[in-house]
Amino acid sequence: MTKKRKDSGARPSSWREIQQKNRRARTPVSRRRAFVILARAGMVAAGLTVGLGGVGYGAYFIWTQSGQVSPFERAQPVTRIVFDSDGVLNGQWFARHSPVPVGTDIFKLDIHAMKREVEALGQVREASVSVELPGTVHVRVREHVPVLRAFVRGADGGRQTLLVARDGSVYEGALYPSETLRRLPGLTGVRLVRDGGGYRPLEGIEVIADLIELARDVTPHIAADWRWIDLSRYREDPGAPGNAIVIHGRHIGRTVLHPTHFLLQLERLDGVVRNARDRAETGIAHIDLSYADRAIVRFRDDNRPQRHS
Amino acid sequence: MPRNKIIGAVEIGSSKITALIGEIEGGRELNIIGSAEATSMGVKKGEIVDLSSVGRCTHAALLAAERKAGAQVDEVFLSASGAHLEGFTSTGTVNVRDADNWVSEEDVRSAGQSARQKALPAGRCYLVHIRGAAYADGREVENPVGMQAAKLEMKYWNVHADEGRITDMIHIISGYDDGLSVEEIIPASVAAGRIAASDDERRAGALVVDIGAGTTDFVLYRKGHIVHTGVIPVGGGHLTNDLSIGLRINFKQAERLKLRDGKAVLEKGDKEGHVMLEGDLQIGDRPIPRLAIARILNARVAEIFSIIKNRLGSAVSPQAVPGGVILTGGTSELPGISEVGRDVLGVDTRAGTHPAWVTREDLRDPGYSTTLGLLFFGLQGQSLGERKTEAPKAGLLRRLFK
């Protein structure tokens, strides 16, 4: 019996004087439990070691990969601006318009403000700005795609060409190939309103963009003929009386379409054009497809195409 | 923020080992978060006869309870039973030190020390010293501190046990985990009595009888104090054994018969009535006279109550225990046992009920009163000597036992 007594004589004894620790009383159950506890503790310790090691290594990696630059040490100038676009803009263009000149302290750079400034450039639809230490700034932009051209009187009194994107944004295009611009129909019948240094976006251009895209897909020969799109009769409410999109072309003088069911109207237009050609009719001066299933057609007096300006 | 304490309550019984795990939050709220039972092997009449078997069973129960709780036990409250437990009353007397005879805490402590000074024979150790009544100049008082008296007497009920048997129990617990310690060893009767009898019953005077499988433990309360505890090495297992011998059936059949058709009183229809041994009408199944079952059980139950009556003598009478006799423990569920108790002891006898705060249905079984009592003492910091007997706040415990 393992016990410790201060005095085994006359003093009254208590069970508390009995030595409690006794490894010999262990059973397979308690041994298994002790093993499980030890294994768990080991796993927790290993997990902690791995976790702390990972954090430490991560910190070390960032330190080394960032060229040992610490924001607490000294200023770091912007040495390079990397520009990337999904459209026609390039690094030279951005260098001319960049809100951050090379040499600015990278730690004082407000990339959110920079993003806002880049997005304020008309042709840029969306921008992201990031910093890579020690001195690189990455600017990635997504550009507007022009669907129409618009003309205004410039400050010098001459004609200035603007571009209209699908979302109605009006901007001065840059670096577009002239062939691309030539293919864009002109826009007329709407008033461009100045807003700060630019123009207020136009309403309803998305419908016109859909029409042009569909026409280029379904009837490319007809779409290629379109020179002007007149929106003076166009209303966003499809049920509005007299609602129509008027298109002026070189071969088909004037095409009037209702701003709904473009596919049906284009197919009917294509049918009329083919029929007229097969019959060797003179050119179409006017065709109105905005009346349900009817087409009002007026042919030219001669075969000379009429010019629109 | 200190971590909540996880305490375990372990009762090493003759038929089963019960482990409950409680979480003490903030020192005043108790949550029972795990419970388990294991079949007991190596325990006879409440005493350990095969240490390794009992160790295995106890560790299995503790492990199962810990798994249910999802926590490891920090300390254990252990119940003790068996015929080796004995008790005696002692009185400590001191002359009050203060010149004006104002009784101080120090006087109470000195009187208590004096009462607990009695030396025990070799091989015996004290389990608990339970504080009883206090007398200031011969007047019984609840709390003598602050009163004026020349002489102070403190009564104690001291429970002592065989040191070897207690050592075995402690080593079983410490063998489970090196860091695990036995915080308290409480006589099973004291733990069960705290749960089975209400404050009012204890104050009025009551006898709580916990009839287990191997032993019957009893505790006698008077004016809220424990004045006697005892253990009789006879329990429900003996009832089964008697049936087995008397009806010439095996122990398992006898146990089944006891639980299914057993009753402790003889009734009119028993003379003609029969019950089938197995009830499946297969070979070996046979009718057993109800009368025989009832007679055998009645004789043994009456014997248990007779022994208690002999031990306590005139301390058990309607005048001495107005709160009556309260039965608890697994065997207290035997039909008719209260009637036999009433006949033998001559005092109103009834089955005990658990306090309302024990709302978990599985823990309302009378077999859990001892372990619940252990947890109760765990919550109170086990202060038998300091009379911290007030119940935990019901509002808290109602939540805890869900």
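Residues numbered from 1 in each chain as written. Chains lettered and ligands numbered in written order. Predicted model: local features only at pLDDT ≥ 70, side-chain atom pairs only at ≥ 80, totals over all residues.

Caption draft 1: Fine view of the overall build of chain B. When its secondary structure is counted, chain B shows 11 helices and 18 strands. Burial analysis of chain B (402 residues in total) assigns 50% to the buried set. By sequence separation, contacts in chain B at least 24 residues apart represent 70% of the contacts at least 6 residues apart. (Helix = DSSP H or I, 4+ residues; strand = E, 2+ residues; numbered from the N terminus. Buried ≥ 20, exposed ≤ 12 C-beta atoms within 10 Å, placed from the backbone. Contact = placed C-beta atoms within 7 Å.)

Caption draft 2: Looking closely at the sheet that holds strand S2 (residues 16–25) of chain B. Residue and element names in this part refer to chain B. One open sheet accounts for 5 strands, arranged S3-S2-S1-S6-S11; its pairing is mixed. Unpaired on one side and paired on the other, strand S3 (29–39) and strand S11 (181–187) mark the two borders of the sheet. Between one strand axis and the next, the sheet turns through 20° on average, direction left out of account. Bridge count between strand S1 (residues 5–12) and strand S6 (residues 75–80): 4 bridges; the pairing is parallel. Residue pairing for S6: Gly8 is matched across the bridge by Val76. In the packing of helix H4 (residues 188–196) onto the sheet, the strands contacted are S1, S6 and S11, and the crossing angle to S11 comes to about 75°. (Pairing = 2+ DSSP bridges. Axes fitted to C-alpha atoms, helices over the stretch in contact; angles between N-to-C directions.)

Caption draft 3: Structural view of the confidence of the model for chain B. Residue and element names in this part refer to chain B. Model confidence for chain B is summarised by a mean pLDDT of 89, while 94% of its residues fall at 70 or above. Under a pLDDT of 50 for its full length, residues 385–402 has, in the predicted model, 31 contacts with residues more than four places off or in other chains. Reported confidences for the modelled complex are a pTM of 0.62 and an ipTM of 0.80. (pLDDT = per-residue confidence, 0-100.)

Caption draft 4: Representation of the sheet that holds strand S10 (residues 151–162) of chain B within the structure. Residues and elements named next belong to chain B. One open sheet accounts for 4 strands, arranged S7-S10-S8-S9; its pairing is antiparallel. Either end of the sheet is taken by a strand with one partner, and the two such strands are strand S7 (86–95) and strand S9 (139–141). Averaged over neighbouring strand pairs, the angle between their axes works out to 40° when direction is ignored. Summarising the sheet, strand S8 (residues 124–136) and S10 pair through 10 bridges and their orientation is antiparallel. Looking at the pairing, His129 lines up with Asn158 of S10. On top of the sheet, helix H2 (residues 105–115) reaches S7, S8 and S10; it is set at about 140° to S7, its chief contact. On the sheet, helix H3 (residues 163–174) packs against S8 and S10 and is oriented at approximately 75° with respect to S10.

Caption draft 5: Spatial organisation of the pairing of S2(B). Residue and element names in this part refer to chain B. Pairing geometry for S1 and S2, over 8 bridges, is antiparallel. When the sheet's bridge partners are listed, Ala9 is paired in S2 with Leu20. Following S1, the chain reverses through 3 residues before pairing antiparallel with S2. Note that S2 and S3 share 10 bridges and pair antiparallel. Bridge pairing links Glu25 to Glu29 in S3. Hairpin connection of S2 to S3: 3 residues between the antiparallel strands, including Gly26 at a positive phi of 60°.

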